[in-house]
Amino acid sequence: MLIITIKQGKEKSLLARQPWIYASAVERVDGKPAERMKQGATALVRSSSGKFLARAAHAPKSQIQARVWTFDEAQPVDHALIKRRVKAAIQKRVAAAKGKRVGVTKRLPLVIGDEDELSGLLVDWYGDQKGYLICEFQSAGVDAWKVAIVQALIAETGCPNVYETADELIRKGEGLPFNYGVLAGDEPPDDLL
């Protein structure tokens, strides 16, 4: 198991439910060598005294070394958690936009990163079920769960067209390769990208 130990006195932000853990706050990362270098691996986060603080996605090459998935020790980080969070984000945004969306070029933000407890994930929906979902996976954690996220997006929206776009500098800073392209269905028209 991957364990991130926070330096004494640096756990205050986590106790205040701040989801980002900066490299400067990390005392050490314990686990198998391959696990410690795996982008997006789920880690147990502990205080210097060994107290549970969170479960987080580890990004060993980033200044934001981990992003919290949950502050609940009993809550596992699994497909069900990812699907619940995607579903909740979509339901919230679709309900707020009732009657305001018209046409294929009208953008509806569906997932807004930390606000939806999916740190680093941005998803915009253009059009309706025949439209396009444009995603940015800006952190190692959501990148590691990309398949589950795409499946949940398609299931919740009925839109089969999912495209990944990316900011090269953000992904480089996170230690991720620069990726973009079709994840499911068809490529969107150029004016949406």
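Look up: the structure comes first, before these words.
Reading the values: rules and limits
- Residues numbered from 1 in each chain as written.
- Predicted model: local features only at pLDDT ≥ 70, side-chain atom pairs only at ≥ 80, totals over all residues.
- Heavy atoms only, no water.
- Pairing = 2+ DSSP bridges.
- Helix = DSSP H or I, 4+ residues; strand = E, 2+ residues; numbered from the N terminus.
- Axes fitted to C-alpha atoms, helices over the stretch in contact; angles between N-to-C directions.
- Core = buried A, V, L, I, M, F, W, Y, C linked by side-chain atoms within 4.5 Å.
- Buried < 20%, exposed > 50% of the residue type's maximum accessible area, 1.4 Å probe, protein only.
- Contact = heavy atoms within 4.5 Å.
- Expected span 1.5 Å × (residues − 1).
- Arc of directions from axis to C-beta.
- Phe/Tyr/Trp six-rings, centres within 6.5 Å; stacked < 30°, edge-to-face > 60°.
- Lys NZ or Arg CZ within 6 Å of the ring centre and 35° of its normal.

Peer 1: Break down the sheet that holds strand S5 (residues 52–58) for me, with residues and values.
Peer 2: The sheet built from six strands is open, its strands ordered S2-S6-S5-S4-S1-S3 with mixed pairing. Taken across any chain shown, the strands that pair with only one partner, and hence form the sheet edges, are strand S2 (20–22) and strand S3 (26–30). Along the sheet, successive strands turn relative to each other by an average axial angle of 35 degrees, direction set aside. Both S2 and strand S6 (residues 64–70) contribute to a ladder of three bridges, which runs antiparallel. Across the sheet, Tyr22 pairs through a bridge with Ile64, a residue of S6.

Peer 1: Could you give an account of the sheet that holds strand S10 (residues 162–164), naming the residues involved and the relevant values?
Peer 2: The strand order S7-S8-S9-S10-S11 describes an open sheet built from five strands, whose pairing is mixed. Two strands lie at the open edges of the sheet, namely strand S7 (107–112) and strand S11 (181–184), each paired on one side alone. Going from strand to strand, the sheet's axes swing by 25 degrees on average, the running direction of each strand aside. Note that S7 and strand S8 (residues 121–126) share five bridges and pair antiparallel. Along S8, the bridge assignment pairs Ile112 with Leu122.

Peer 1: Residue-level account of the nonpolar core, with values.
Peer 2: The biggest cluster of nonpolar side chains holds 29 residues, and the ones touching the most others in it are Ile149 and Leu153. Elements represented by at least two residues in this core include exactly helix H3 (79–96), S7, S8, strand S9 (132–137) and helix H5 (146–157). What Leu153 contacts, discounting residues up to four positions off in sequence, is Val86, Ile90, Val111, Val123, Leu133, Cys135 and Gly158. Counting 15 residues, the second largest nonpolar core, distinct from the first, contains Ile4, Leu14, Ile21 and Ala41.

Peer 1: How would you explain H3 if you had to name every residue and give the values?
Peer 2: End to end, H3 covers 26 Å across 18 residues, agreeing with the expected 26 Å (1.5 Å per residue, within 8%). All of the buried residues in H3 are Leu81, Ile82, Arg85, Val86, Ala89, Ile90 and Arg93. In an axial view of H3, the angular spread of the buried residues amounts to 160 degrees, which keeps them on one side of the axis. In the core, the buried residues of H3 are packed alongside S6, S7 and H5.

Peer 1: Account for the pairing of S9, with residues named and values stated.
Peer 2: A regular strand places its side chains on the two faces of the sheet in alternate fashion. Of all six residues in S9, five are buried, a share of seventy percent or more. Relative to S9, S8 runs antiparallel, the two being bridged by six bridges. Directly across from Val123, in S9, lies its bridge partner Cys135. The hairpin formed by S8 and S9 contains five residues between the paired strands, and Gly127 there has a positive phi angle of roughly 80 degrees. The pairing of S9 with S10 spans three bridges and is parallel.

Peer 1: Break down the packing of aromatic side chains for me, with residues and values.
Peer 2: A complete count under the given rule lists two aromatic pairs for this structure. Taking the centre distance of 6.2 Å and the plane angle of 70 degrees together, the rings of Trp20 and Tyr22 count as edge-to-face. For Tyr22, a relative accessible area of 41% gives the class partly exposed. Ring plane angle 50 degrees and centroid distance 5.4 Å describe the contact between Phe178 and Tyr180, whose orientation is recorded as tilted. Taking the relative accessible area as the measure of exposure, Tyr180 reaches 55% and is therefore exposed. The ring of Phe137 has Lys146 sitting right over it, with the charged end atom 5.0 Å from the ring centre.

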